[in-house]
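For reference, the chains in residue letters:
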Amino acid sequence: IYYLHEKNSMNKKIFSTIILSLKGYSLLRIYQIHACKAIELKAKSIEFGAYKEKNKNFSNHFKGNSDFLYSNFYKNNDKNYFKIDLTKKLKIKKNKINNVIIMNVIEHLPNFSLTFKEINRILKTNGNIIGSTPFIYPVHGAPNDYYRFTKDFFNMTLKKNKFKKIKIDALGFGPFIASYNLIYAYIKFFPLFKELILILSYILDFIIQLFVKTKLKEIMRK
C-alpha cells in the first residue's frame with residue numbers, strides 16, 4: 001500500500017498548517033505530517049531516509065505504538081540505524097517488517113527498479129508501505145534529485161510489484177498553494193508575512209474550487 005490519507009476537516013487543517021508554518025515547517029512537510037497523524041501503526045516498522053536526529057523523523061507523527069528501526073545511505077552509530085542503499089538488495093530477511101515508511105526518498109534514487117521488489121520482499125503478509133514524493137516542488141539535493149512521479153506511475157509500479165489495496169492521495173489544494181510552495185524558500189525568513197501569503201493562497205484556491213468540478217489538489221499536488 002502506498003498512500004497518505006488526510007481525515008481532518010479543512011478548517012482544522014488550515015489552522016494547524018498556519019501554526020506549524022509559524023514554527024518553521026515547510027508546506028510540504030506540514031501536509032505530510034497531517035497525513036501521518038491519520039495513520040495508526042503497529043508492530044515493527046522501518047523508516048527509510050531517516051534523519052540522524054530522531055526528533056526530525058516522520059515516525060514521531062504516526063499513531064500507535066510501533067517499534068521503529070531507521071535507515072539512511074549514511075552511517076549512524078545508533079544501534080537502531082542501518083546504512084542501506086535502496087538501489088541494491090537489502091540486507092534484511094524476508095517477511096521481517098510490518099510497515100515501511102519511505103518519505104521524500106524515491107526521487108533521490110538514480111535507479112529504483114529494485115526498490116519496490118525489495119520492499120515487498122521484506123514486508124510481512126498484509127504489510128504496509130507508506131510514503132510520499134514531491135510533485136510540484138523545487139529541485140532539492142540529497143545529494144541529488146532525479147525524478148517527479150504521477151499517480152499513474154505509482155499505480156502501475158505497485159501493481160507490477162504485487163502490492164494490493166493501493167490508495168494514493170494528493171497532498172495540497174490548488175494553483176496558489178502550489179505557487180506558495182515554490183516561493184517558500186524565498187519568503188521563509190519573513191514570519192507572519194509568509195503566513196499572510198499562505199492564508200491568501202488558501203482563499204484564492206477556495207474561490208477557484210467553487211467554479212471547478214475537478215478537485216484542484218489532483219492537478220496541483222505537492
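Residues numbered from 1 in each chain as written. Predicted model: local features only at pLDDT ≥ 70, side-chain atom pairs only at ≥ 80, totals over all residues. Heavy atoms only, no water.

On to the nonpolar core, then. Residues Ile46, Phe48, Leu86, Val100, Ile102, Phe116 and Ile119 are the most contacted members of the largest nonpolar core, which totals 25 residues. The contact partners of Ile119, leaving out residues within four places of it in the chain, are Phe48, Val100, Ile102, Ile129 and Phe163. (Core = buried A, V, L, I, M, F, W, Y, C linked by side-chain atoms within 4.5 Å. Buried < 20%, exposed > 50% of the residue type's maximum accessible area, 1.4 Å probe, protein only. Contact = heavy atoms within 4.5 Å.)

In summary, the side chains of a regular strand alternate between the two faces of the sheet. Buried residues dominate strand E1 (residues 44-48), accounting for four of its five residues. With five bridges connecting them, E1 and strand E2 (residues 67-72) associate as parallel partners. Bridge pairing links Glu47 to Tyr70 in E2. Pairing geometry for E1 and strand E4 (residues 97-103), over four bridges, is parallel. By the bridge assignment, Ser45 is partnered in E4 with Asn99. (Helix = DSSP H or I, 4+ residues; strand = E, 2+ residues; numbered from the N terminus. Pairing = 2+ DSSP bridges.)

Moving on, we get to the packing of aromatic side chains. Inspection of every chain in the model, using the stated rule, returns 13 aromatic pairs. Summarising the aromatic geometry, the rings of Phe68 and Tyr70 are spaced 6.0 Å apart at their centres and angled 20° between planes, so their arrangement reads as stacked. Taken as a pair, Phe68 and Tyr70 share a single burial class, namely buried. On the numbers, 5.1 Å between centres and 20° between planes, the contact of Tyr70 with Tyr81 is stacked. With a gap of 11 residues between them, Tyr70 in strand E2 and Tyr81 in strand E3 (residues 81-83) connect regions that are remote in the sequence. Judged on exposure class, the residue Tyr70 and its partner Tyr81 are both buried. In this arrangement the basic side chain of Arg29 is found over the ring face of Phe58, its NZ or CZ atom lying 3.9 Å from the centre. (Phe/Tyr/Trp six-rings, centres within 6.5 Å; stacked < 30°, edge-to-face > 60°. Lys NZ or Arg CZ within 6 Å of the ring centre and 35° of its normal.)

The step from Ala142 to Pro143 runs through a cis peptide bond, and the omega angle for that step is 0°. Inspection of the secondary structure assignment puts Pro143 in the loop between strand E5 (123-132) and helix H4 (151-160). Its identity as a non-glycine residue notwithstanding, Lys162 has a phi of 70°, on the positive side. Although it is not a glycine, Lys165 adopts a positive phi angle of roughly 50°. Judged by its relative accessible area of 73%, Lys165 falls in the exposed class.

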